[in-house]
Amino acid sequence: MAEEGYVAPHTVDEVVSLLVEAGGDARVMAGGTDVLVQLHADLIEPGLFVDIKNIPELRTIAAEAGGFRVGAAVTSMELVDHEAFNAAWPGVVEGVALIGSVQVQGRATMGGNLCNASPAADSVPPLIAAQAVAAIVGPGGPREVPVEDIITGPGQTSLDQGEILVSFLFPPRAPHSGDCYMRLTPRTEMDIAVVGAGINLTLDDAGTCVAARVALGAVAPTPLLVAQAADALIGSKVDDAAMAKLATAASSACHAISDKRGTKLYRIKTVGVIARRAAEKALERARKN
Amino acid sequence: MAKKVHVTTTVNGDEHEFLCETSQTLVDVLRGELELTGTKEGCSTGDCGACSVIFDGNLVCSCLVLAIEADGKSIETIEGMADGKELHPLQQKFLELNGLQCGICTPGILIAAKALLQRNPDPTETEIRFWLAGNLCRCTGYDKIIRSVLAAAAEMREG
Amino acid sequence: MATILEESGFSPDRKLKIVGTNPIKHDGPDKVVGRAKFGADLILPGMLFGKILRSPHPHAVLKSIDISKAEALPGVKSVVTREDFPELPRGTQWGNLSRNIMAREKVFYEGHAVAAVAATSESIAKKALKLIDIEYEVLPHVIDPIEAMKPDAPILHDDLRTKGVEGAEDKPTNVVERLDLAMGDVEKGFAEADVVIEREFDSQPMHQGYIEPQGCVASYGEDGGIEVWCCNQGTHAYRDQIAAILETDSSKIRVSQSEMGGGFGGKVGFYIEPVAIVLSRMARRPVKVVLTRNEVFRSTGPVAATRSRIKMGATKDGRIVAAEAELVFQTGAFTGSMFFNGPMAMFTRYALENIKTVSYEVVSNRPKVAAFRAPCVPQIVFGVEGIVSELADKLGMDPIDFRLKNAAEEGYTTLYGVTFGRIGFVETLEAAKKCDHYTSPVPEGHGRGVAAGFWFNRGGDTTGSLTITPDGSVTILLGTSDVAGSRVSICMMAAEELGVPLDKVRAVLGDSSALGNNRVTAGSRTTFSSGMVIIDSARQAIAELVKRAAEIWDVPEEGVVFGDGYCRPSSSNVGEFEPLSIAEIAAKTSVSHGAISGHSEMNVTGEGPGFGLHIVDVEVDKETGRVDIKRYTVVEDAGKAIHPQQVEGQYQGGAVQGVGWALNEAYVYGEDGRLQNSSFLDYRMPVASDVPMIDTVIVEVPNPKHPYGLRGVGEVPVVPTLGAIGNAIGNAIGVRPQSLPMSPPRLLELIDKVDNNGGNGS
């Protein structure tokens, strides 16, 4: 049985060397809201916890290149409380504000939510829709990866041994653009998404949609970026006909399974509805922006 | 056996030292080592809120915090909520308006409600309901809990 | 031996000062500062931590258990298995209970206890569990109750034969019992009916969902005396059952009551205490055992799943003339679901003459069912109230008027042979008709439903004592557990009797050695029954106070009257005396005849049946099947609300538990027979943002058999919930759901069907 240890380094380089040294036996812990649940359910038995909350660059929200850079260990609550980020990316904030209770949001992070790699992770579809890019550092140096390329399967990521997710870069907010994340759960709170949809769209001055990204959660082994669903909106006035096409494309993209949280058929039926509703809200925001 | 780790922390203004295993959670240590059993454990997965405490200024579930993380930090539990002889207005309103039945969820709800009122002294019913969504209560149907929080907020605003 | 009390009943002229007010309950302040001690909160010197190993299989023969490696782990002080418990005969009450606590020949559900360890820390105990080697022979399992009834189903208990069936084949079965309850002539009744509706319903188990997992500390003393501290709904029941399965004497066991973090029926029976006792006996140290939430879901009782076929007929003028039902109750691995409550209560509230019911209790591979508020009733009433509202719709009658037309009143003899005394169903329905919710129009897009419910309310074995202390304040010793505020309600009745301020009266919960036997706190009996014995005790004390005053004044006892806390001369002819307060008389007890106290032991009778009507407005998202509860009103006859706030709390809490059961709470099993949603994340109890304020209307039709008229308010509030929400959803979407829970996927399927075919009316 592994001996357990805990370290809380202050730099990314220290984390990388600790991870390399530990081989596969270390577990990075940000907010710990998934890791500790897994630990106590005996799903994981790490020899070493590497707590990344004491690394300043992982805890910072800063303007960069006209957009934002958000540290991977920034908590949900810190994002919820950040006015400028809220104004730019309300959809992303909607995602992080749905991760568990306010108690959990005081600890949970976007980086952790992404690296936990649940198909139903609430912050991931809006991150993908926002075209956020993940900054990763590892023994081979830094690299940048679009968020949609991080999760490769339930609980699996494209991060290599020894690599750590450092931050997310959000692009500049275009005029007349807006985003939204919505999910469907049986309860109002404290549930895992049965389906979720993150939509980010941009209009021209005439109100025609010139760019859109649609990302769906809990409908496949990984969150999906669905080009056909975005195509349904691009070039349209985001009218009823476009919305209906969006809904159909979202339902068609659904490769869900039936599990304790919902049936396959139910997910296919409802993902289009949720995508449409999220698009309506994103449209409203784009028109005001 | 792995060696235990020595931790120094401040709980309700008092400095405490304890030894813990790496995998022990803050709620384990609060209840076990420090014998502060007012913080309750209902699920160990962050889903019921009974173990809510203020950790380093943030409302958290103490079942989702490693005890070792408490080193050098400050923690506020239900035992520190009343100010000397005076109950906190939330505690008083929960008593007057019967905001508790069995009482197991009460410490967590009071801590969570206090954190809410610090952020937002004048919350609506809906805001209270969503803020407290992480605190399960199986006895009251929530009605009298929400009314107690509304009444305490009103009293605190009047000072 | 009640003497004084039995002669007195409810007195309508009595002026009350304390009963009917809302004082702060005495146990409240410790609860808001975190000082109240619950099951897991006791810490004893030298205490060990116990953990239980559980079966991963839903059904298997337990071939061998090797504990040698676990025993060898440093820090492990005892390891127990079936070998350490007396082997009691299979198929008997104690044999079943013992096998549920610790599996013997077979495991019957995933999560069934197979061994336990006590160690110096929780982490060592957990490590030791992993060192226990168990050889299982896995057997086919069955979970669905209808599947379990089939002749080729996997058999759980090969010695089980169905009770209640004449000439049944002598072969193993999963059907524990068939129960036939009937009155009148249903064929004749249905022949008179102008409208007949027959439907099938099913329900899933819900868990009681108490937030406090079971927790206890047990200490086995060197003289064989056993101390147990735990959260429980009855110390005496725990004591006597522990004695039976450990084959010791009740007198050697002392069960103490912690504060209880919710029970709702789920802590009427026990799971961990005997295990902790045996661990303690072998380790010679106190042992604490606290379940995890995962263990609570996998091993403690949910309520019974049910299947039912219900048929009711009514005449054009709105009279229900016949009712028939076939009911199946899933009891889990062992019998004990109290399924008989279902047929007994399902139609009771309507003055029916012709009823026929057939009920079956069936075992299957899941945890043994435990009691829950009105055990086995709400899930059956769900169907009955759906049909009653559907009949009203078909007849074009208002659903409350239709219920009024059929309402049982004083003098009605029930299916189970009891003739009702004064009851308040009609008054409840009339109050509902008049309440603000029902008289407000249904908002656009919402659906409204109503449903009624009944519970017997209970009395039974109860003891208690009341003592006047030398300073005139009053102590009360109770033998029933306090699940939500009974202590203060009982103190209020005592204070009212004695004419002293409530602050002068305090009640404590005695341990199992302090008083004679008490039935568990269950069935809405405690404030009623413990209240009765304490009122009786108070009146005994008053009689003694009068005697002492007479002695002080040297006048005959008849010359002294007691009122408002004072003994006074009954008239000026007796003499000129200043009134003597209780405190003044009490101060002299050490020089007169000793302490003044009363104690009472009764098998309390005279419980007054309770009735309620719920009104609920819902909004259904027709694209997703999600239901929002928009407005909810509980109207219920309390008899008398001793502490109205607490009565409202019972109504509100019952309603919201029903919301969870109605909409989302259910167990999800995999093909492998393992529970997949054993957490509060995926077992979806209502959270604060899921519900609105719950309005209440307390109706008070006094129970003539109780000095203050009270009936009992714990069970009725949950009985109508499922039916009321079902009827509201039916009203919103055009078809009444017949399956619980009415979850979003199921409702969306129904909505799609209605859109395609049209509904069955609302």
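Conventions used here
- Residues numbered from 1 in each chain as written.
- Chains lettered and ligands numbered in written order.
- Predicted model: local features only at pLDDT ≥ 70, side-chain atom pairs only at ≥ 80, totals over all residues.
- Heavy atoms only, no water.
- Helix = DSSP H or I, 4+ residues; strand = E, 2+ residues; numbered from the N terminus.
- Rg over C-alpha atoms; globule rule 2.2 N^0.38 Å.
- Buried < 20%, exposed > 50% of the residue type's maximum accessible area, 1.4 Å probe, protein only.
- Contact = heavy atoms within 4.5 Å.
- Areas by Shrake-Rupley, 256 points an atom, 1.4 Å probe, with all protein chains shown as cover.
- Lys, Arg positive; Asp, Glu negative; His and termini not counted.
- Charge placed at Lys NZ, Arg CZ, Asp CG, Glu CD.
- Buried area = accessible area lost by both parts, 1.4 Å probe.
- Salt bridge = Lys/Arg side-chain N within 4 Å of Asp/Glu carboxyl O.
- Polar contact = N/O pair within 3.5 Å; in protein donor to acceptor, adjacent residues only side chain to side chain.
- Nonpolar A, V, L, I, M, F, W, Y, C, P; charged D, E, K, R; others polar.
- Expected span 1.5 Å × (residues − 1).
- Domains from an automatic or database assignment.
- Phe/Tyr/Trp six-rings, centres within 6.5 Å; stacked < 30°, edge-to-face > 60°.
- Lys NZ or Arg CZ within 6 Å of the ring centre and 35° of its normal.
- Pairing = 2+ DSSP bridges.

Novice: So what exactly am I meant to see when it comes to the overall build of chain B here?
Specialist: A count of helical and extended segments in chain B gives five helices and five strands. In summary, chain B has a C-alpha radius of gyration of 16 Å against a globular reference of 15 Å for 159 residues, a match within 12%. Once the C-alpha set of chain B is aligned to its principal axes, its extents read approximately 50 × 30 × 25 Å. Scored against the burial criterion, the 159 residues of chain B give a buried share of 62%. Long-range pairs, those at least 24 residues apart, make up 54% of the contacts in chain B between residues at least 6 apart in sequence. A total accessible area of about 5,500 Å² is found for chain B, and carbon and sulfur atoms account for 45% of it. If the 14 positive side-chain charges of chain B are averaged to one point and the 23 negative ones to another, these points end up 6 Å apart.

Novice: Even after reading the chapter, I still don't get the interface of chain B and chain C, so can you show me in this structure?
Specialist: Size of an interface, as often reported, equals the accessible area lost when the parts are brought together. The interface of chain B with chain C comprises 48 residues on the first partner and 55 residues on the second. When chain B packs against chain C, the two sides together hide about 4,200 Å² of surface, and 59% of this comes from carbon and sulfur. Of all residues in chain B, the largest losses of buried area upon contact with chain C belong to B:Leu95, B:Gln101 and B:Arg138, amounting jointly to 20% of the total for that side. On the surface where chain B and chain C come into contact, there are four salt bridges. Run the count over chain B and chain C and you get 24 residue pairs in polar contact (both at pLDDT 80 or more). Those elements giving two or more residues to the side of chain B that touches chain C turn out to be helix H2 (89–96), helix H3 (106–119), helix H4 (125–131) and helix H5 (143–158) of chain B. The residue inventory of the side of chain B that touches chain C, partitioned by class, reads 23 nonpolar, eleven polar and 14 charged.

Novice: Would you take a moment to explain H3(B) for this structure?
Specialist: For an α-helix the count is 3.6 residues per turn, leaving residues at separations of three or four pointing the same way. Residues and elements named next belong to chain B. Between its first and last C-alpha, H3 extends 20 Å over 14 residues, near the 20 Å set by a 1.5 Å rise per residue. Burial analysis of H3 places twelve of its 14 residues in the buried class, which makes it a mostly covered element. For H3, the set of buried residues is Thr106, Pro107, Gly108, Ile109, Leu110, Ile111, Ala112, Ala113, Lys114, Ala115, Leu116 and Leu117.

Novice: Explain the environment of B:Gly46 to me, please; I cannot follow it from the model alone.
Specialist: Relative to the helices and strands, B:Gly46 is located in the loop between helix H1 (26–31) and strand S3 (52–55). Judged by relative accessible area, which is 2%, B:Gly46 ranks as buried. When near neighbours in sequence (up to four residues on either side) are disregarded, B:Gly46 contacts A:Ser101, A:Val104, A:Met190, B:Cys61, B:Cys63 and B:Leu64.

Novice: Is there a simple way to explain the side chain of C:Arg239 in this structure?
Specialist: All names here are of chain C. Secondary-structure assignment places Arg239 in helix H7 (residues 235–246). Engagement of the side chain of Arg239 in a polar contact is seen with the side chain of Asp240, the distance being 2.8 Å. Residues contacting Arg239, with those up to four places away along its chain left out, are Ser250, Ile253, Val255, Ser512 and Asn517.

Novice: It is not clear to me how the domain arrangement of chain B should be interpreted in this structure. Could you clarify?
Specialist: All names here are of chain B. Each assigned domain of chain B is listed with its residue range as follows: domain 1 (5–80) and domain 2 (89–158). The centre of domain 1, based on its C-alpha atoms, is set 22 Å off from the matching centre of domain 2. Contacts between the two partners involve 13 residues from domain 1 and, on the opposite side, 13 residues from domain 2. Between domain 1 and domain 2 lies a buried interface of about 1,000 Å² when both sides are counted; carbon and sulfur atoms form 65% of it. For the interface between domain 1 and domain 2, the tally reads one salt bridge. At the boundary of domain 1 and domain 2, one finds four residue pairs in polar contact (both at pLDDT 80 or more). No other element matches S3, which puts three residues into the side of domain 1 that touches domain 2. When the residues that make up the side of domain 1 that touches domain 2 are grouped by side-chain class, the tally is six nonpolar, four polar and three charged.

Novice: Looking at this structure, I do not really get the packing of aromatic side chains. What am I missing?
Specialist: Centre distance and the angle of the planes are the two values used to describe a pair of aromatic rings. For the coordinates displayed, the defined rule picks out 24 aromatic pairs over all chains. On the numbers, 5.9 Å between centres and 50 degrees between planes, the contact of C:Phe329 with C:Phe339 is tilted. Within this pair, whereas C:Phe329 is found in strand S14 (residues 320–332), its partner C:Phe339 is found in the loop between S14 and helix H10 (341–345), the two being separated by ten residues in sequence. An angle of 80 degrees between the planes, with centres 5.7 Å apart, marks the rings of C:Phe372 and C:Trp661 as edge-to-face. Taken together, the positions of C:Phe372 in the loop between strand S15 (355–363) and helix H11 (378–395) and C:Trp661 in helix H18 (residues 644–663) put the pair 289 residues apart, joining distant regions of the chain. Classification of C:Trp661 as buried rests on a relative accessible area of 1%. Taken together, the ring pairs connect C:Tyr350, C:Tyr412, C:Tyr416, C:Phe420, C:Phe425, C:Phe454, C:Trp455, C:Phe456 and C:Phe611 into an aromatic cluster. In this structure, A:Arg173 packs its charged tip against the face of A:Trp89, placed 3.8 Å from the ring centre. When the ring centre of C:Phe190 is taken as origin, the NZ or CZ atom of C:Lys311, which lies over that ring, is 4.4 Å away.

Novice: Sorry if this is basic, but what is going on with the sheet that holds strand S13 (residues 209–217) of chain A here?
Specialist: By way of backbone hydrogen bonds, the strands of a sheet pair with one another, either parallel or antiparallel. Residue and element names in this part refer to chain A. Pairing in this open sheet of four strands is antiparallel, and the strands run S11-S12-S13-S14 from one edge to the other. Sheet topology places strand S11 (177–184) and strand S14 (224–225) at the edges, where each strand pairs with a single neighbour. Here S13 pairs with S14 via two bridges, running antiparallel. Counted as the bridge partner of Leu216 is Leu224 from S14.

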